[in-house]
Amino acid sequence: MSHRVLHPPRAEPAPAITVNLHRAAGNWAAKRAGARQLVDWEAWREEARRVRADAVAHLPELIERLEERVRAAGGEVHHAATAEEAAAIIVGLCGARGASSVAKAKSMTAEEIGLNEALELAGVEAVETDLGEYIVQQLGDRPSHILAPAVHLSAAQVAELFGRLSGEAFDPEDTAALVAYARGVLRERFLTADVGITGVNMAVAQTGSLVLIESEGNIRLSASLPRTHIALMGIEKVVRDWTGAAHLMQMLPLASHGRPAAASTSVVTGPARDGDDGPGELHVVLLDAGRSAVRGTDLEEALQCIRCGACLYACPVYRQVGGHAYGSSYSGPIGAVITPALERSSPETAQLPWMSSLCGACAEACPVKIPLDDQLVTLRAAAQARDPHRGEAALFEAWARLWSRPAGYRATARTAGKALGPLWRKAARASGEGWTARAPFPFDGWTSTRDVRSPAGEPFHERWRKRRG
Amino acid sequence: MSGFFAPFAANCEAFGETRRRGGAAVRAPVGTVRAVRVQLFVTCLVDLLYPKVGERTVALLERLGCDVAFPAGQTCCGQPALNSGYPEQARRVADRFLDTFAASSDPVVAPFGSCVHMVRHGYERLYADDPGRLAVAREVGGRTHSLPGFVVEVLGREEVGGRYPGEAGTPVAYHHECHMLRGLGEAAPPLSLLGGVQGCTLVETERADQCCGFGGTFALKLAQVSTAMADEKLDRAIAAGARAIVSTDVGCLMHLDGRARRRGLDLEVHHLVDLLEPEGSL
Amino acid sequence: MDEASPPAPLEGRAAQPRPGLDLVDEWRARWEELDGRAYRAESLEEARAMAREMIGAATVARWNDARLEDIAQARAPAPEAEVSLLVADVAVADTGQVGWAHGAGRPRGAGVLPSRQVILLCEDGVVASLADALTRLGATAAPPPSSLVLIAGPSRTADIEQRVIRGVHAPREIDVIVYGGIA
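This one's a predicted model, so the numbers in the text were calculated from it and none came from an experiment. Every chain is numbered on its own, with residues counted from 1 as its sequence reads. As they are written, the chains are lettered A onward and the ligands numbered 1 onward, keeping that order. The predicted origin of the model limits local features to residues at a pLDDT of at least 70 and limits the giving and counting of side-chain atom pairs to 80 or more, whereas totals for whole chains, interfaces and linings rest on all residues.

Some words on the overall build of chain B
Move 1: Here a strand is any run of E in DSSP of at least two residues, a helix any run of H or I of at least four, and the numbering for each starts at the N terminus. The secondary structure content of chain B amounts to 14 helices and 8 strands.
Move 2: A residue pair is marked as a contact if its C-beta atoms, positioned from the backbone, fall within 7 Å. For chain B, restricting intrachain contacts to residue pairs at least 6 apart in sequence, the fraction spanning at least 24 positions comes to 78%.

As structure tokens, then:
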């Protein structure tokens, strides 16, 4: 199992988490409605899709150009074929600089490669500087949302944690005091860190520039104060030019927060020069880890993702189970797609595409028009083909044989309504006319929590035949 | 079920206005009593579990001047297998659907939006490698309609009357079927038809566009999550003051009704077509 | 792109223009929606006087720019200063953003560490779109400045139970004074 996959998905609602998630999702839905008033949403989505699809289609050439421009601006570029390689490169860079303290800004890609664990093993103390990430790291927990890592936690849990860390008491209702505490602790870290590690929202091949988008300011600090800046990015984050980047720089916050701009956007091109007092070194680590292999497959569009988090809040399954239930660093609908897509043959990820009712809310929310629901269906077929569930496969095979012929279909209906009917009724506990409270296999899963319709004694086609046929 | 057996002519209303957009061209001159021929795709769940929904669909279409045929070869659209990861099995059943409904060029109408979405969208994927079959699927898909979509957008009837089959003044919450709402983009037609119904009032619920948790085999595979989603839906309806939920997807209806019954909730669940019967016909 | 080629202008207006508002007012409306504060001054001198009043006796970390001289009474290194004082290069009517390039005499720490921030901005720097702003900041030059920043109101977090708190790692209160000839 890779760092991307921690355990198989769990299909249980998490009531305590659900309360927070519903609030978050409600806020998101209201902001999204606002965003649609600001811009011509469908035209904007189409343009964003076009920009991202162009990048994915021309990935090798754009990565080559990006590398050339980053180097021309004085930065260094490192290629990592796997997660392990990427972690080793970063650990090596920290070690070579004698770094003992690292300021780390929230990055899902760092989560994907297990960077914190790798740094810890090497004796480098990496402190998460995003408030949510900091909370989650101090609790020994994991982020549960791409943008809101601590969305599964309550203020009381945070107050308890900060009380334990500081030895002082915190009032869970005094959010400002909780934030002020974290600001104070982390401010010291920024001022003393030898290395700053950030992710990248997009990299502009035209000029070799990295765009970093955030709310809190910790990314700007991590990329400004330490002497060395290491930026880790999946290769798919590249975009061709500034025209496309300018569009996505507005689309990302619109999709995430319903506003066309995040509180802080930094554009980094090479290390500090021309009198700039920023980091003297810039290292860009380009991570493949399965991405190139997804190009040219029917899951290619998943590489268009800009990690806005919209599909998570939109997904009713995510809102019930929370991010941790997915058992992978990327959760929600996009996680259920890209994790198995990048892992290809892991049995732990085969169940992920079932974490959806296929309601299509994810695809509708996606600002770059990834057909997430279709891709989940594609992945279900791939999982069945690779590792068939014998009983279920036999059932669908029998179903296809019978229902591809009208006679077979009608025979099923007769069996269900007449022959099976008495058996059904025997096993069943009636629950009002036409309803059953306890159904036999394979419908007992349904009736554990819900009554079910009994098969009609006379199906529609029978009625039609008798009266009209 | 008087409407179902009534002779065609007696129930026929003059078919006037034409479709506004989408669908097959079915134009009839105003004032003439000329039948629009339609093929009913009743769908397997309606056929086997909710046959009365099928009968009321026929009654409504006939009342609106349609000449309804029920091609006997029909079975299912194949969606359960596709969504469960068995495209090959789904294709065999979809072949049966296409063979049945390609035989005539008349529009196909189904009282279940999800199956229409399967035909229009799912078949694109199912037959991606078979250009000949794909062409047939597109031709049939282009004239396959949800019942509300057909009535409102093809027949051009924004309201068709009807009476709520229960206590007068019942507050009703409308549940948007996911595949009709997001798949077919048909948010307005069912609400338009509901607007013409006497004896109930529509209440706005929070997140009316949210999935009820049915999702076909999802309801069996992730039963607990599915149930929690149904509870959210039911609780929001009740919180909004609704005493009934109306939708067009009998999967959603069975799921919500089954859960409401298990919880002993005072909540009726109806297919939209149950409300579109003229007064006194139920 | 040639080393010598000038920055290519980007195209595309984002939001619908707000009827009846000039660019500065459009920008200001959005900036204020983002919890930023904005003021207009007839001239640079008036803007400096306003800044002087806002800052009072607070300690200031500032850029080396003639326009910022003799405003503050007390200077301090950025980590200890109470107020950050700088001159922005652009503001974006579409998005409410304010932006600048770092470089010689324009240190990064002074732009981000203090919890209060006072920014002077010449009215000529207000542009319609983010694309215009990026062009103006030199993002499309070869190469662009090593560090560009665009802010949209104070830094904020909603990481604890979705409660929005302003001022996390970057400034909590930001005053922008737009100066220039007013028609």
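Some words on the overall build of chain C
Move 1: In terms of regular secondary structure, chain C is built from 4 helices and 12 strands.
Move 2: Counting all 183 residues of chain C, 56% fall into the buried class.
Move 3: Long-range pairs, those at least 24 residues apart, make up 69% of the contacts in chain C with a sequence separation of at least 6. Exposed residues have 12 or fewer other C-beta atoms within 10 Å of their own C-beta, buried residues have 20 or more, and residues in between are partly exposed; the C-beta atoms are placed from the backbone.

Concerning the interface of chain B and chain A
Move 1: Every contact between the two is made by 52 residues of chain B and, on the other side, 50 residues of chain A.
Move 2: When residues of the side of chain B that touches chain A are traced back to their parent elements, those giving at least two are helix 3 (44-49), helix 4 (51-63), helix 5 (79-83), helix 6 (87-101), helix 10 (178-183), helix 12 (218-221), helix 13 (223-239) and helix 14 (250-263) of chain B.

Some thoughts on the packing of helix 6 of chain B against helix 7 (residues 113-126) of chain B
All names here are of chain B.
Move 1: Between the N-to-C directions of two axes lies an angle of 0 to 180 degrees, each axis being a line fitted to C-alpha atoms and, for a helix, fitted only over the stretch in contact. One way to put it is that helix 6 packs onto helix 7 with a least axis distance of 11 Å and a crossing angle of 125 degrees. Viewed along their axes, helix 6 and helix 7 adopt a mutual orientation that is oblique. In this structure, helix 6 crosses over helix 7, and the sense of that crossing is left-handed. Of the residues in helix 7, those touching helix 6 at Pro-87, Ala-90, Arg-91, Ala-94 and Phe-97 are Val-119, Tyr-123 and Leu-126.
Move 2: Under this grouping Gly is polar, as are all residues other than the nonpolar Ala, Val, Leu, Ile, Met, Phe, Trp, Tyr, Cys and Pro and the charged Asp, Glu, Lys and Arg. Counted by class, the contact of helix 6 with helix 7 contains 7 nonpolar, no polar and 1 charged residues. When an angle is under 35 degrees it counts as roughly parallel; over 145 it counts as roughly antiparallel; between 65 and 115 it counts as roughly perpendicular; any other value is oblique. Two helices that cross are described as forming a left-handed crossing if the nearer one is turned anticlockwise from the farther one by less than a right angle, and a right-handed crossing if clockwise.

Re helix 17 (residues 372-386) of chain A
Move 1: A helix is expected to span 1.5 Å multiplied by its residue count minus one. With 15 residues, helix 17 of chain A should reach 21 Å at 1.5 Å per residue; the first-to-last C-alpha distance of 21 Å fits that figure.
Move 2: Counting buried positions over the 15 residues of helix 17 of chain A gives 13, a clear majority of the element.

Some thoughts on the packing of helix 7 of chain B against helix 8 (residues 131-142) of chain B
Residues and elements named next belong to chain B.
Move 1: Two numbers describe how helix 7 lies on helix 8: the axes approach to 9 Å, and their chain directions differ by 165 degrees. Viewed along their axes, helix 7 and helix 8 adopt a mutual orientation that is roughly antiparallel. Here helix 7 runs over helix 8; the crossing is left-handed. Residues Val-119, Arg-120 and Tyr-123 of helix 7 pack against Ala-137, Val-140 and Gly-141 of helix 8.
Move 2: Taken together, the residues of the contact of helix 7 with helix 8 break down into 4 nonpolar, 1 polar and 1 charged.

Quick word on the sheet that holds strand 1 (residues 36-40) of chain B
Residues and elements named next belong to chain B.
Move 1: Reading across from one edge, 2-1-3-4 is the order of the 4 strands in this open sheet, with parallel pairing throughout. The sheet is open, and its two borders are formed by strand 2 (66-69) and strand 4 (144-146), each paired with just one other strand. In this sheet, neighbouring strand axes are inclined to one another by 35 degrees on average, regardless of whether the strands run parallel or antiparallel. One requirement defines pairing of two strands: DSSP has to find at least two bridges between them.

Topic: the environment of Met-202 of chain A
Residues and elements named next belong to chain A.
Move 1: You can see Met-202 is positioned in strand 5 (residues 202-204).
Move 2: When the C-alpha atoms of Met-202 and Leu-212 are compared, they prove to be 7.3 Å apart, with 10 residues separating the residues in sequence.
Move 3: The residues contacting Met-202, other than those within four sequence positions of it, are Val-211, Lys-237, Val-239, Ala-245 and Leu-248.

Digging into the interface of chain C and chain A
Move 1: Each side of the interface is counted separately: chain C has 49 residues, and chain A has 58 residues.
Move 2: Contributions of two or more residues to the side of chain C that touches chain A are made by helix 3 (109-112), helix 4 (130-137), strand 9 (147-151) and strand 10 (156-157) of chain C.
Move 3: Ranked by the residues each element gives to the side of chain C that touches chain A, the list is headed by strand 9 of chain C, at 5 residues.
Move 4: In terms of residue class, the side of chain C that touches chain A is made up of 26 nonpolar, 16 polar and 7 charged.
Move 5: Pairing geometry for strand 9 (residues 264-268) of chain A and strand 9 of chain C, over 5 bridges, is antiparallel. Along strand 9 of chain C, the bridge assignment pairs Val-267 of chain A with Leu-148 of chain C.

A look at the pairing of strand 10 (residues 281-287) of chain A
For a regular strand, side chains alternate in direction, first toward one face of the sheet and then toward the other.
All names here are of chain A.
Move 1: Among the 7 residues in strand 10, 6 count as buried, and that is most of the element.
Move 2: Where strand 1 (residues 76-80) meets strand 10, 5 bridges bridge the pair, whose relative direction is parallel. By the bridge assignment, His-79 is partnered in strand 10 with Leu-286.
Move 3: Strand direction decides the pairing type here: strand 7 (residues 228-234) and strand 10, joined by 7 bridges, are parallel. For Gly-234, the partnering residue across the bridge sits in strand 10 and is Leu-287.

Comments concerning unusual backbone geometry
Move 1: Note the cis peptide between Ala-142 of chain C and Pro-143 of chain C, where omega equals -5 degrees.
Move 2: Tracing the sequence through the fold places Pro-143 of chain C in the loop between helix 4 and strand 9.
Move 3: A positive phi angle is found at Ala-289 of chain A, which is not glycine, with a value near 45 degrees.
Move 4: Locating Ala-289 of chain A in the fold gives a position in the loop between strand 10 and helix 12 (291-294).

Here's the deal with the confidence of the model for chain C
All names here are of chain C.
Move 1: For every residue, the predictor reports its confidence as pLDDT, a number between 0 and 100. Here chain C averages 90 in pLDDT, while 87% of its residues score no lower than 70.
Move 2: Contacts for the low-pLDDT stretch residues 1-7, under 50 throughout, to residues beyond four places or in other chains number 9 contacts.
Move 3: Prediction confidence for the complex, expressed as pTM and ipTM, is 0.92 and 0.92 respectively.

What to know about the sheet that holds strand 1 of chain A
Residue and element names in this part refer to chain A.
Move 1: One open sheet holds the 6 strands; their spatial order is 1-10-7-4-2-3, and the pairing between them is parallel. Of all strands in the sheet, those bounded by a partner on one side alone are strand 1 and strand 3 (125-128). Across the sheet, the mean angle separating the axes of adjacent strands is 20 degrees when strand polarity is ignored.
Move 2: In terms of strand pairing, strand 4 (residues 195-198) meets strand 7 through 4 bridges, oriented parallel. Bridge assignment links Ile-197 to a residue of strand 7, and that residue is Ile-230.
Move 3: Lying over the sheet, helix 4 (residues 83-96) contacts strand 1, strand 2 (101-104), strand 4, strand 7 and strand 10, oriented at roughly 165 degrees with respect to strand 10.

Description of the environment of Asp-175 of chain C
Residue and element names in this part refer to chain C.
Move 1: Along the chain, the position of Asp-175 falls in strand 12 (residues 173-179).
Move 2: Once the C-alpha coordinates of Asp-175 and Arg-75 are considered, the two residues, 100 residues apart in sequence, prove to be 18 Å apart.
Move 3: Apart from the residues within four sequence positions on either side, Asp-175 is in contact with Arg-37, Tyr-39, Met-54 and Val-118.

Quick word on the arrangement of the chains
Move 1: Of all 2 pairs of chains that touch, the greatest number of contacts is found between chains A and C.
Move 2: You won't find any contact between chain B and chain C; their C-alpha atoms come no closer than 19 Å.

Observations regarding the pairing of strand 2 (residues 59-62) of chain C
All names here are of chain C.
Move 1: Two strands pair when backbone bridges link them, and strand 2 and strand 3 (residues 74-75) are joined in this way by 2 bridges, in the parallel orientation. In the sheet register, Val-60 faces strand 3, and the bridge partner there is Arg-75.
Move 2: Here strand 2 pairs with strand 4 (residues 83-88) via 3 bridges, running parallel. Paired with Arg-62 across the two strands is Leu-85, which belongs to strand 4.

Overview of helix 18 (residues 390-403) of chain A
Residue and element names in this part refer to chain A.
Move 1: Spanning 14 residues, helix 18 covers 20 Å between terminal C-alpha atoms, matching the ideal 20 Å at 1.5 Å per step.
Move 2: Of all the residues in helix 18, the buried ones are Phe-396, Trp-399, Ala-400 and Trp-403. Viewed end-on, helix 18 has its buried residues packed into an arc of 95 degrees, placing them on one side of the element. Facing away from the buried surface of helix 18 by more than 90 degrees, the exposed residues are Arg-390, Gly-391 and Ala-394. The arc in question is traced by the directions running from the helix axis to the C-beta atoms.

A few points about the environment of Gln-304 of chain A
Move 1: Topologically, Gln-304 of chain A is positioned in the loop between helix 12 and helix 13 (310-314).
Move 2: Residue contacts for Gln-304 of chain A: discarding those within four places in its chain leaves Arg-49, Arg-52, Ala-53, Val-56, Val-368 and Ile-370 of chain A.

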